Amino acid sequence: MSTLSGLFTTILNMSITASYVAVIIILVRLLLRKAPKFFSYALWAVLLIRLICPLSFTSDFSFLGLLNIDSRSNSGVLEYVSKDIGFMPEPTIQSGTGSMDSIDSAVNSSLPQAAPIASVNPMQIWMEVLSLIWLAGIVVLLLYSVISYIKIKRQLLTATLVKGNIYESDRIGTAFVCGFIHPKIYVPVGVGDADLSYILEHERTHIQRKDYLIKPLAFFALILHWFNPLMWLSFALMSRDMEMSCDERVLQKMNQDAKGGYSLSLLSLSLKRSGLFTANPLAFGESHVKARIKNVINYKKPVFWVMIASVVVLIGAGITLLSNPQPRYANLTLENIESMTLTSGLDDRKNTVSIDPADWVEIINMINTAKRSNIAEEYQPSYGELYPIINTLTVSANEQGAAKTYSLMIYNHKDWDVFHGEYEYKLALNCSLENGKTELWGLPYAEGYRLMEWINGIRDSKQNNDINNGGASDMDSDMDSDTTDIAKLVEDNISIIMSSPKTSSNPQDYINAHQNEYENFFKYGGEDALQYMLTQFEAGNAEGLRGQIMMRVCKELLGARNNVTDESLSPQEWYSALSIRQEILLPNYEYDGQDRIEKLVYDTEIERDSASNKRGGFIIVAPKIFASYEEEDLLKVFVTTYSARYKLFGNTLSQEGGSIIPAAITYRKDNSGRYILEKYQQAGDGSEFDPSIREYCTMPVSGREIKGLADKIFKHYTNYGDIRTLLYDNLFKHLKKNRIKDATLANSQGEVEFSMSNPKYKP
């Protein structure tokens with residue numbers, strides 16, 4: 001996302017917050033209609049702050065706490081539209097309307113979704129276009145304001161000094177204040193002495209209260225938010241409140257008998273107003289005359305209790321509207337946790353063990369302090385379109401007298417690798433409340449990695465304890481004791497799928513009618529289910545609809561291992577032709593170039609991916625090196641790496657996973673001149689993506705910011721065709737080096753993406 005687009009998103013979020021604040025201020029003004037207009041005028045200061053300052057403090061009394069919106073405690077920013085919306089596979093916004101989720105659903109359904117094979121997300125293009133339109137609007141309004149102000153100043157060149165800062169001109173029809181540093185009062189020629197005293201007192205009051213600075217500042221805020229109609233209405237109401245409060249101040253200085261003369265002065269000047277002076281917000285003139293005369297005539301000195309009540313309302317509104325809601329973070333302690341359990345593997349298999357309280361502290365800190373971001377409903381970790389949840393850590397607690405259950409879930413989504421450049425798992429934090437409601441957030445990749453290490457530590461600890469005690473670990477025991485009866489699993493689900501609809505002869509209709517049962521083969525059966533069904537084919541027990549269902553499940557489980565491409569064969573014919581391709585084991589890619597820094601990066605990326613590769617296959621990497629800087633004994637390299645894991649079955653390639661990750665890699669030179677890996681800083685997840693890159697784009701020792709580098713990395717991330725090409729080039733070289741002469745990779749649509757016979761990548 002460009003700097004302009006990021007700025008526009010910030011303004012957009014501020015404008016949404018300001019809209020809620022403006023509506024409340026308009027309602028509160030009704031409560032204050034009997035109070036001096038100064039209180040209504042002062043209320044608009046809250047809106048002005050919201051319009052020009054993106055940050056705020058947090059409070060339990062925040063009005064915005066009534067909205068269904070997450071704040072970020074560290075930045076004090078309310079985010080309805082994510083800064084990363086241009087990178088989201090399925091862009092979403094949150095309006096904060098809570099029960100009116102239909103608003104969010106309607107808006108989100110209209111947002112363009114990303115196309116995995118496209119290099120640029122359509123939403124990113126839209127954000128860039130909207131940013132340019134927003135900027136154009138600002139330029140137009142600024143030009144209009146400056147030009148009209150210059151015209152006014154030209155008309156005043158012939159004005160003559162009367163005394164002090166008071167000027168008289170025959171080219172104006174109304175009195176006004178003009179100027180920012182040394183404001184002057186201009187009055188039309190021929191104003192009677194009686195009217196002049198009222199006029200001068202009114203304009204002097206504007207100057208005393210610094211209104212000549214406040215109004216231009218408010219108009220500047222309006223220019224930034226010109227696309228929001230509520231802000232135009234608010235500006236008009238604020239201007240009216242400013243004039244009325246100024247009128248009341250003048251009457252307080254004079255006396256109640258001055259009402260008649262003051263009203264006549266307002267009326268006489270209003271008849272001579274010039275359109276230019278009325279329209280320009282940088283100069284004052286007499287406006288809202290009808291409402292002001294009515295207010296002047298009805299003005300009475302406020303009683304004491306009205307003043308006190310107005311002050312209370314003003315302070316209360318200021319605190320509740322200026323503050324952001326407290327972040328919805330947990331407050332777990334060793335005392336309020338009731339239990340902690342770890343479910344390993346698939347949830348429904350219930351391989352669950354209790355965690356010793358001595359190991360709770362790290363998880364408490366993680367839940368309490370980890371940065372959180374919303375997860376769109378479509379990407380929440382559940383079965384169906386998502387890959388299975390791998391591990392779930394469940395924490396039951398009693399916070400502030402309310403029962404809550406937190407679940408840390410490590411899961412995977414098939415699209416996240418492509419769009420977010422992450423490893424093979426994500427971490428979600430779910431909170432189930434006593435009233436049945438749930439809240440769900442995404443946690444940074446670093447926390448997911450930290451949790452995996454913690455789980456591995458728990459496993460090792462339990463295994464060591466059980467070995468010392470001469471028995472198997474609890475976790476392994478649970479895993480063994482919970483082994484699913486594959487035959488029963490397969491037969492039960494086939495039986496249900498075959499049960500309906502009886503009227504159709506198309507096997508796919510039966511599968512469509514029982515999607516959950518069909519997915520059970522993959523979630524709970526896997527290779528065991530595959531082997532069982534192959535034995536059924538071998539026994540000739542795979543005819544008719546039963547055979548069709550088993551054949552489709554087997555093909556999907558076999559993937560690239562299935563050598564039969566003829567889709568017209570019957571199930572038994574397919575099995576007869578089946579010769580399961582065996583995997584050809586290959587080593588990981590090795591860089592063979594001469595560039596010192598490239599070799600360091602290749603070796604580092606291969607080593608990191610190898611450490612996390614527990615699913616077999618071989619790894620190919622393709623780094624894009626943006627820059628490298630060396631200070632003292634530290635070398636820092638900035639890179640975006642496309643990494644992919646493949647398996648080869650016969651001449652068929654299968655991509656098993658992949659990621660595109662911007663990172664900063666720091667090496668330290670040892671005494672022998674070798675570079676040793678010091679630190680690997682990876683771009684953060686979701687909303688942390690931009691700030692994490694900007695944070696690490698610094699010199700290795702001095703920490704000085706490297707100008708323009710972050711933007712260069714962002715821009716490349718929107719179109720990484722170069723490293724995709726490099727990846728296939730490296731894949732070709734790697735296969736050739738290992739004497740593989742024929743290999744083809746197809747995408748999910750069956751289109752050939754890579755072929756040894758045509759190695760040039762074609763996007």
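Residues numbered from 1 in each chain as written. Predicted model: local features only at pLDDT ≥ 70, side-chain atom pairs only at ≥ 80, totals over all residues. Heavy atoms only, no water.

Novice: Any chance you could break down the overall build of the protein for me, citing the residues and the numbers?
Specialist: From N to C terminus, the protein includes 24 helices and 22 strands. Counting every position in the protein, which comprises 763 residues, the buried fraction comes to 49%. Taking as baseline every contact in the protein between residues at least 6 positions apart, the subset at least 24 positions apart corresponds to 65%. (Helix = DSSP H or I, 4+ residues; strand = E, 2+ residues; numbered from the N terminus. Buried < 20%, exposed > 50% of the residue type's maximum accessible area, 1.4 Å probe, protein only. Contact = heavy atoms within 4.5 Å.)

Novice: Give a detailed account of the pattern of salt bridges, specifying residues and quantitative values.
Specialist: Applying the stated criterion across every chain yields a total of 12 salt bridges. For Arg29, the salt bridge is made with Asp241, and the minimal N-O distance between the two is 2.8 Å. Of this pair, Arg29 sits in helix H1 (residues 3-31) while Asp241 sits in helix H7 (residues 229-253), and the two are 212 residues apart along the sequence. Pair check on accessibility: Arg29 and Asp241 agree, each one buried. (Salt bridge = Lys/Arg side-chain N within 4 Å of Asp/Glu carboxyl O.)

Novice: Describe in detail the side chain of Arg29, supporting the description with residues and values.
Specialist: By relative accessible area, Arg29 is classed as buried at 18%. Among all residues touching Arg29, those that are not within four sequence positions of it are Ser40, Trp44, Leu237 and Asp241.

Novice: So, the packing of aromatic side chains: which residues are in play, and what are the values?
Specialist: In the structure shown here, the tally under the stated rule is 23 aromatic pairs. Measuring from ring centre to ring centre gives 5.6 Å for Tyr728 and Phe754, while their planes differ by 20°; the resulting arrangement is stacked. With Tyr728 in helix H24 (residues 721-737) and Phe754 in strand S22 (residues 752-755), this residue pair connects regions lying 26 residues apart in the sequence. When sorted by exposure, Tyr728 lands in the same class as Phe754, which is buried. By way of ring pairs, the aromatic residues Tyr642, Phe689, Phe714, Tyr717 and Tyr720 are connected into one cluster. (Phe/Tyr/Trp six-rings, centres within 6.5 Å; stacked < 30°, edge-to-face > 60°.)

Novice: Describe the UniProt feature "transmembrane region" (unreviewed entry) in the protein, listing the residues and the values that go with them.
Specialist: With numbering matched to this structure, UniProt assigns "transmembrane region" (unreviewed entry) to residues 6-31, 38-57, 125-147, 212-235 and 303-322. Here residues 38-57 runs as 75% helix and 0% strand, with 25 Å between its end C-alpha atoms. Taken end to end, residues 212-235 is 83% helix and 0% strand, and its first and last C-alpha atoms sit 15 Å apart. (UniProt positions renumbered as here; feature names shortened; annotations may be inferred.)

Novice: How would you explain the side chain of Ser692 if you had to name every residue and give the values?
Specialist: In this fold, Ser692 is placed in helix H22 (residues 689-696). The class for Ser692 is buried, based on a relative accessible area of 14%. A polar contact of 2.8 Å, which involves the side chain of Ser692, links it to the backbone oxygen of Phe689. Other than its neighbours up to four places away in sequence, Ser692 contacts Ala683 and Gly684. (Polar contact = N/O pair within 3.5 Å; in protein donor to acceptor, adjacent residues only side chain to side chain.)

Novice: Please provide a residue-by-residue account of unusual backbone geometry, values included.
Specialist: Note the cis peptide between Ser500 and Pro501, where omega equals 0°. By the element assignment, Pro501 lies in the loop between helix H16 (486-497) and helix H17 (507-513). In the Ramachandran plot, Lys210 falls in the positive-phi region, its phi being about 65° despite a non-glycine side chain. Tracing the chain through its elements places Lys210 in the loop between helix H5 (193-208) and helix H6 (211-224). Of note, Arg739 is a non-glycine position whose phi angle comes to about 65°, a positive value. Among the structural elements, Arg739 can be located in the loop between H24 and strand S21 (744-746).

Novice: Run through the sheet that holds strand S7 (residues 184-188), naming residues and quoting values.
Specialist: Spatially, 4 strands are ordered S4-S5-S7-S6 in an open sheet, and the strand pairing comes out mixed. Lying at the two open borders of the sheet, with one neighbouring strand each, are strand S4 (160-163) and strand S6 (176-178). Direction aside, neighbouring strands of the sheet carry axes that sit 40° apart on average. Here helix H4 (residues 122-155) sits on the sheet and contacts strand S5 (166-169), S6 and S7; the angle it forms with S6, its principal contact strand, is near 110°. (Pairing = 2+ DSSP bridges. Axes fitted to C-alpha atoms, helices over the stretch in contact; angles between N-to-C directions.)

Novice: Describe the pairing of S4, and please don't skip the residues or the numbers.
Specialist: The two faces of a sheet get side chains in turn, since along a regular strand they alternate between them. Both S4 and S5 contribute to a ladder of 3 bridges, which runs antiparallel. In the strand pairing of S5, Leu161 is matched with Tyr167. From the end of S4 to the start of S5, which pair antiparallel, there are 2 residues, and Gly164 there has a positive phi angle of about 55°.

Novice: Could you give an account of the environment of Ile25, naming the residues involved and the relevant values?
Specialist: Following the sequence through the fold, Ile25 ends up in helix H1. Here Ile25 falls in the buried class, since its relative accessible area comes to 0%. For the pair Ile25 and Leu47, spaced 22 residues apart in the sequence, the C-alpha separation amounts to 8.2 Å. Those residues within four positions of Ile25 in sequence are excluded, and the remaining contacts are Leu43, Trp44, Val46, Leu47 and Leu321.

Novice: Could you give me a rundown of a nonpolar patch on the surface, with the residues and numbers involved?
Specialist: Judged by side-chain polarity, Phe57, Phe61, Val311, Ile315 and Ile319 come together as a nonpolar surface patch covering roughly 500 Å² of accessible area. Note on placement: Phe57 falls in the loop between helix H2 (37-52) and strand S1 (58-59). (Patch = residues over 30% accessible without salt bridge, like charges linked within 9 Å, V, L, I, M, F, W, Y side chains within 5 Å. Areas by Shrake-Rupley, 256 points an atom, 1.4 Å probe, with all protein chains shown as cover.)

Novice: For the packing of helix H18 (residues 515-538) against helix H19 (residues 544-558), give the residues involved together with the corresponding values.
Specialist: Across the interface, H18 lies against H19 with an axial gap of 9 Å and an inter-helix angle of 110°. If you check the angle between H18 and H19, you find them roughly perpendicular. You can see that H18 and H19 cross each other, and the crossing is left-handed. For the pair formed by H18 and H19, the contact residues are Tyr518, Phe521, Phe522, Gly526, Glu527, Leu530, Met533, Leu534, Gln536 and Phe537 on the first element and Arg546, Gly547, Met550, Met551, Arg552, Val553, Cys554, Glu556, Leu557 and Leu558 on the second. For the contact of H18 with H19, a count of residues per class yields 13 nonpolar, 3 polar and 4 charged. (Parallel < 35°, antiparallel > 145°, perpendicular 65-115°, else oblique. Left-handed = near helix turned anticlockwise from the far one by under 90°. Nonpolar A, V, L, I, M, F, W, Y, C, P; charged D, E, K, R; others polar.)

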